[in-house]
Amino acid sequence: MKSPVYNVIAVPVEKVQANSYNPNAVAPPEMKLLEISIWEDGFTMPVVCYYLEEEDRYEIVDGYHRYTTLMTSKRIYEREDGRLPVSVIDKPISDRMASTIRHNRARGTHDVSLMRDIVGELVESGMSDAWIMKHIGMDADELLRLKQISGIAALFADRDFNAAWAKDEKDAEFYS
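Residues numbered from 1 in each chain as written. Predicted model: local features only at pLDDT ≥ 70, side-chain atom pairs only at ≥ 80, totals over all residues. Heavy atoms only, no water.

A.B. asks: Even after reading the chapter, I still don't get the sheet that holds strand E4 (residues 57-62), so can you show me in this structure?
C.D. replies: Strand pairing in a sheet relies on backbone hydrogen bonds, with the paired strands running either antiparallel or parallel. Spatially, five strands are ordered E1-E5-E3-E4-E2 in an open sheet, and the strand pairing comes out mixed. Two strands in the sheet have a free side with no partner beyond their single neighbour: strand E1 (9-12) and strand E2 (16-17). Strand direction decides the pairing type here: E2 and E4, joined by two bridges, are parallel. In the sheet register, Val16 faces E4, and the bridge partner there is Tyr58. (Pairing = 2+ DSSP bridges. Helix = DSSP H or I, 4+ residues; strand = E, 2+ residues; numbered from the N terminus.)

Written out as structure tokens, the structure reads:
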């Protein structure tokens, strides 16, 4: 497989749209710093997108804040002629969600409530706990906590809460 970064294209920013599942948030001081960085250094990383053929649009997988900066900074928009450097990936939605999380987690923090929602969507779309842990890079305890705070009973449908969960015989009695 050839890495998508070797096929960066300049896309009119009006053909790019945010996804509905990105749990990453950037504080205003960091957004200002991003604007300065893009102004001083240019775009050094493309925005990762999925091409929505039926709409002839590009949906962001990673790079929402670079996209937002181009949309809100008149000087950058003009210098870039309204175009955003895009690297296209072709993956199903569950893999795109996992890609978004991996990109975010590799860089820093993200919103827990939105992570909870993504985990819920992945579980409801049939992804197993093992798939979620492998593709999003979380351990079983973190996944369990996100499921617990979601309040969605369906997230626990395939779990056996019995004596097997017990740490010792005293705990096992509780589950019996």
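A.B. asks: Is there a simple way to explain unusual backbone geometry in this structure?
C.D. replies: Keep in mind that most residues, glycine aside, have a negative phi and that most peptide bonds are trans. With a phi angle near 55°, Asp56 is a residue other than glycine that sits in the positive phi range. Mapped onto the secondary structure, Asp56 falls in the loop between strand E3 (47-52) and E4. Overall, the relative accessible area of 36% leaves Asp56 in the partly exposed class. One non-glycine residue, Asp81, lies in the positive phi region at around 55°. Note on placement: Asp81 falls in the loop between helix H3 (74-79) and strand E5 (83-89). We classify Asp81 as exposed; its relative accessible area is 61%. (Buried < 20%, exposed > 50% of the residue type's maximum accessible area, 1.4 Å probe, protein only.)

A.B. asks: Would you take a moment to explain the packing of aromatic side chains for this structure?
C.D. replies: The way to describe two aromatic rings as a pair is by their centre distance and the angle between their planes. For the structure shown, the criterion picks out two aromatic pairs. On the numbers, 4.8 Å between centres and 45° between planes, the contact of Tyr51 with Tyr58 is tilted. Relative accessible area serves as the criterion here: at 28%, Tyr51 is assigned to the partly exposed category. Here the aromatic rings of Tyr64 and Tyr67 are separated by 6.0 Å at their centres, their planes lie at 45°, and the arrangement is tilted. Taken together, the residues Tyr64 and Tyr67, both in helix H2 (residues 64-72) and three residues apart, mark about one turn of the helix. Note on Tyr64: relative accessible area 31%, which makes it partly exposed. Accessibility expressed as a relative area gives 13% for Tyr67, which makes it buried. (Phe/Tyr/Trp six-rings, centres within 6.5 Å; stacked < 30°, edge-to-face > 60°.)

A.B. asks: Sorry, what's going on with the environment of Val123 here?
C.D. replies: Looking at the secondary structure, you find Val123 in helix H5 (residues 112-124). Taking the C-alpha atoms as reference, Val123 lies 9.4 Å from Lys147; in sequence the two are 24 residues apart.

A.B. asks: Is there a simple way to think about the pattern of salt bridges in this case?
C.D. replies: Opposite charge on two side chains lets them pair, provided their charged atoms get close. Enumeration according to the criterion identifies eight salt bridges in this entry. Note that Lys32 and Glu35 form a salt bridge whose closest N and O atoms lie 3.8 Å from each other. Here the residue Lys32 and the residue Glu35 both occupy positions in helix H1 (residues 28-41), the gap between them amounting to three residues, near one helical turn. For Glu35, a relative accessible area of 11% gives the class buried. Salt bridges sharing partners connect three or more residues here, namely Lys32, Glu35 and Arg75. (Salt bridge = Lys/Arg side-chain N within 4 Å of Asp/Glu carboxyl O.)

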